[in-house]
Amino acid sequence: MKYAIVVNEGPFNHQASDSAYHFVKHALAKGHEVLRVFFYYDGVHNGNKHSAPQSDDRNIVKRWSQLAETNQIDLTICVAAGLRRGIVDDILAPGFRISGLGQLIEACIDANRTVVFGD
Amino acid sequence: MTDATEASGGTSVTKRFLYVNRKAPYGTVYAIEVLEMILIAAMFEQDVHVAFLDDGVYQLRKGQTPAVLEMKDFSKTYRALEDYGVEKIYLEKESMEERGLTADDLVIPAAVLERKDMISLMDSMDVVLSA
């Protein structure tokens, strides 16, 4: 199965990012393909390299970067949503890139399933 | 999912996209950012459908004056959807009735569906993006 994943909420204040991460990790472990993880709305904050949670908590941003590095997952942040919230190239965590909404539509078209994480 | 909706790669594929709007227009950012997604899907020449339910029905309410809140009145953009080839607009009957809205209160005409038919509509889609 080829999946497109959409993350619509920021890290820590909503479980959407955690759920998406676990879904992607386990989908890959089961041999599925994840075409793209697209971050929209406050989801763009998932790519902020300045995120520094307390040491006894999970590091959501770093976790995404590690997943991307290990599995060559495409982590795309929406440019328009990102600009509104100050998420620009200079502050991107490793493995993330910024691109347009067309990347979301393209992933939805190419995937067998689109899974949205958010309210 | 049927074979017809299996991905074949590239953008020559046309899929049925449904955008589900469930939030009031100015309390959160969702409404305006859904609108941005709709316009892009239309540019990709997809079969775009837009549904409004729960507080989302308020997005189409006439007479919005968000300027007093220093917010942009994007309700005008709904009227421009037709120019982008987005003409399949649906409202949930129960959501309208619960909020005392009628077709006369709306900025654009829309098909009014009962909740059970809204479910069938969602079932018939390839991609459902909601907020």
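All figures in this text were calculated on a predicted structure; none of them were measured in a lab.

A. View of the sheet that holds strand 3 (residues 75-78) of chain A. Residue and element names in this part refer to chain A. Read across the open sheet, the five strands follow the order 4-3-2-1-5; overall the sheet is parallel. Single-partner strands in this sheet number two, and they are strand 4 (96-99) and strand 5 (113-117). Adjacent strand axes in the sheet meet at a mean angle of 25°, parallel and antiparallel pairs treated alike. With respect to the sheet, helix 1 (residues 16-29) is in contact with strand 1 (2-7), strand 2 (33-39) and strand 5, its orientation differing from that of strand 1 by roughly 165°.

B. Spotlight on the interface of chain A and chain B. At the junction of the two partners, chain A supplies 23 residues and chain B supplies 25 residues. Summed over both sides, the interface of chain A with chain B buries roughly 2100 Å², with 57% coming from carbon and sulfur. The largest per-residue losses of area from chain A upon contact with chain B belong to A:Tyr41, A:Ile105 and A:Ile109, which jointly make up 31% of the total buried on that side. Between the two partners, chain A and chain B, sit three salt bridges. Across the pair A:Arg84 and B:Glu33 runs a salt bridge whose closest N-O atoms are separated by 2.5 Å. For the pair chain A and chain B, the number of links is eight residue pairs in polar contact (both at pLDDT 80 or more). Of all the secondary structure elements, the ones that give two or more residues to the side of chain A that touches chain B are helix 3 (79-84), helix 4 (102-110) and strand 5 of chain A. Tallied by class, the residues present in the side of chain A that touches chain B amount to 12 nonpolar, four polar and seven charged.

C. Structural view of the pairing of strand 3 (residues 88-92) of chain B. Residue and element names in this part refer to chain B. Of all five residues that make up strand 3, four are buried, and the element is covered over most of its length. Judged from the four bridges that link them, strand 2 (residues 47-52) and strand 3 form a sheet pairing that is parallel. The partner of valine 50 across the bridge, within strand 3, is isoleucine 89. Taking the sense of rotation as the criterion, the β-α-β connection linking strand 2, helix 2 (residues 75-80) and strand 3 turns out right-handed.

D. Quick look at the pattern of salt bridges. All names here are of chain A. Under the defined criterion, the tally for this structure stands at 21 salt bridges over all chains. Aspartate 18 serves as the salt-bridge partner of arginine 63, at 3.0 Å between the closest nitrogen and oxygen. A residue pair is termed long-range when its members are at least 10 positions apart, and arginine 63 in helix 2 (residues 60-71) and aspartate 18 in helix 1 qualify at 45 residues. Across the pair arginine 97 and aspartate 74 runs a salt bridge, and its minimum N-O distance is 2.8 Å. Highlighted residues: arginine 97 in strand 4 and aspartate 74 in the loop between helix 2 and strand 3, separated in sequence by 23 residues.

Parameters and conventions
- Residues numbered from 1 in each chain as written.
- Chains lettered and ligands numbered in written order.
- Predicted model: local features only at pLDDT ≥ 70, side-chain atom pairs only at ≥ 80, totals over all residues.
- Heavy atoms only, no water.
- Pairing = 2+ DSSP bridges.
- Helix = DSSP H or I, 4+ residues; strand = E, 2+ residues; numbered from the N terminus.
- Axes fitted to C-alpha atoms, helices over the stretch in contact; angles between N-to-C directions.
- Contact = heavy atoms within 4.5 Å.
- Buried area = accessible area lost by both parts, 1.4 Å probe.
- Salt bridge = Lys/Arg side-chain N within 4 Å of Asp/Glu carboxyl O.
- Polar contact = N/O pair within 3.5 Å; in protein donor to acceptor, adjacent residues only side chain to side chain.
- Nonpolar A, V, L, I, M, F, W, Y, C, P; charged D, E, K, R; others polar.
- Buried < 20%, exposed > 50% of the residue type's maximum accessible area, 1.4 Å probe, protein only.
- Right-handed = clockwise from strand over helix to strand, strands pointing away.

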